[in-house]
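Structural features, examined
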Amino acid sequence: MKLLAPSILSADLSNLAQQIRLVEMSGADWIHCDIMDGHFVPNITFGPVVVKAVKKCTKLPLDVHLMIENPDLFLEDFRNAGADIISVHFEEVIHLNRTINRIKEIGAKAGVVINPSTPVSSLVDIAEYIDLLLIMTVNPGFGGQSFISNSERRIKEAVELRKSLKANFLIEVDGGISSKNISAISKAGCDVFVAGSSIFNSDNISAAATELKNLISK
Ligand code: DX5
Ligand code: ZN
């Protein structure tokens, strides 16, 4: 089962409930929330208060991507706000095994995110404990960037890693995903597709989401 996770980073936040309803009716499986603190990445977005508001707008699982320093300090806050999946960056967390355990203890699914320059092989000793591996296909921080070309190879490496460990984490991609590249990425073995600008900057949000969902479902 392939899942579409629209990122509200590019949504019209003055109309968030309506924008979420549109993607929910058009094939979205998760809602992706990008949390940025101006330190781990050079941009600031929103925190648990907004995640709580998003939770009220949808029954879909909230996929919360923490691009922040010291994510351990905020896991409970995001869980209490309604996060169903919480992903932390490999590059930021020192005691990753402990953090993954903590996310599961508080009742969420646990994900690890890797930046484009972090080798997939770095995950060999954590992969069997995670529910989700999020492979960044742009440098995190902004919507609307171009897909980094070696990402398909990295997805295939993640598929191999999962097989060799007999693990069962989902593989998710985030950044520069559009109708032009999503089929190839799906064929490389990806399970969950985040898309921000290609959905919310489109003239027809519904049609854009439906098109992506159809392309991954083929
Ligand atoms: C980037 C964020 C992404 C962003 C993707 O740091 O993690 O989730 O919303 O935006 P697009 O799909 O426009 O590349
Ligand atoms: Zn993201």
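Refer to the structure printed above.
Keep in mind that what you see is a predicted model, and the values were worked out from it rather than measured.

Rules behind the numbers
- For every chain, the first residue of the written sequence is number 1, and numbering continues from 1 onward in sequence order.
- Chains carry letters and ligands carry numbers; both start at the beginning, A for chains and 1 for ligands, and go up in the order they are written.
- Thresholds applied to this predicted model are a pLDDT of at least 70 for local features of residues and 80 or more for the giving and counting of side-chain atom pairs; totals over whole chains, interfaces and linings are not thresholded and use all residues.
- No hydrogens and no water enter the side-chain calculation; it runs on all heavy atoms of the structure.
- Comment: elements are numbered from the N terminus, with helices defined as DSSP H or I runs of at least four residues and strands as E runs of at least two.
- Between buried and exposed lies partly exposed: a residue is buried under 20% and exposed over 50% of the maximum accessible area for its type, with that area taken using a 1.4 Å probe on protein chains only.
- Fitted lines through C-alpha atoms give the axes, limited to the stretch in contact for helices. The angle between two N-to-C directions lies from 0 to 180 degrees.
- Crossing chirality is assigned from the near helix's rotation relative to the far helix, an anticlockwise turn below a right angle marking it left-handed and a clockwise turn marking it right-handed.
- Contacts: residue pairs with any heavy atoms within 4.5 Å of one another.
- Under the scheme applied here, ten amino acids are nonpolar (Ala, Val, Leu, Ile, Met, Phe, Trp, Tyr, Cys and Pro), four are charged (Asp, Glu, Lys and Arg), and all others, including Gly, are polar.
- Basic side-chain nitrogens of Lys or Arg form a salt bridge, by our definition, when they fall within 4 Å of a carboxyl oxygen of Asp or Glu.
- A helix is expected to reach a length of 1.5 Å times the quantity of its residues less one.
- When we speak of the arc, we mean the arc of directions from the helix axis to the C-beta atoms.

Brief notes about unusual backbone geometry
One non-glycine residue, Asn 70, lies in the positive phi region at around 50°. With respect to the helices, strands and loops of the structure, Asn 70 is situated in the loop between strand 3 (62-67) and helix 3 (75-81). Among the residues examined, Asn 70 registers a relative accessible area of 46% and is labelled partly exposed. For Lys 166, which is not glycine, the phi dihedral falls at a positive 50°.

Brief notes about the packing of helix 1 (residues 16-24) against helix 8 (residues 205-217)
Where helix 1 contacts helix 8, the axes come no closer than 8 Å and their chain directions differ by 35°. For the pair helix 1 and helix 8, the sense of crossing is right-handed. Along the contact surface, helix 1 presents Gln 19, Leu 22 and Val 23, while helix 8 presents Ile 205, Ser 206 and Ala 209. Within the contact of helix 1 with helix 8, the residues separate by chemical class into four nonpolar, two polar and no charged.

A few points about the pattern of salt bridges
By the definition in use, this model includes six salt bridges. In this structure, Asp 29 engages Lys 213 in a salt bridge whose closest nitrogen and oxygen atoms are separated by 3.1 Å. Of this pair, Asp 29 sits in the loop between helix 1 and strand 2 (31-36) while Lys 213 sits in helix 8, and the two are 184 residues apart along the sequence. On the accessibility criterion, Lys 213 (15% relative accessible area) is buried. Notably, a salt bridge pairs Arg 102 with Glu 105, separated by 2.7 Å at the nearest N-O pair. Here Glu 105 and Arg 102 lie together in helix 4 (residues 96-105), a separation of three residues that amounts to about one turn.

Concerning helix 5 (residues 151-165)
The first and last C-alpha atoms of helix 5 sit 21 Å apart over 15 residues, in line with the 21 Å expected at 1.5 Å per residue. When we look at burial in helix 5, the residues that qualify are Ser 151, Arg 154, Ile 155, Ala 158, Leu 161 and Arg 162. Taken end-on, helix 5 shows its buried residues confined to a sector of 115°, consistent with a single buried face. Away from its buried face by more than 90 degrees, helix 5 exposes Lys 163 and Ser 164. Of the surrounding elements, those touching the buried residues of helix 5 are strand 5 (109-114), strand 6 (132-136), strand 7 (170-174) and helix 6 (182-187). Two residues or fewer past helix 5, Lys 166 is found with a positive phi of approximately 50°.

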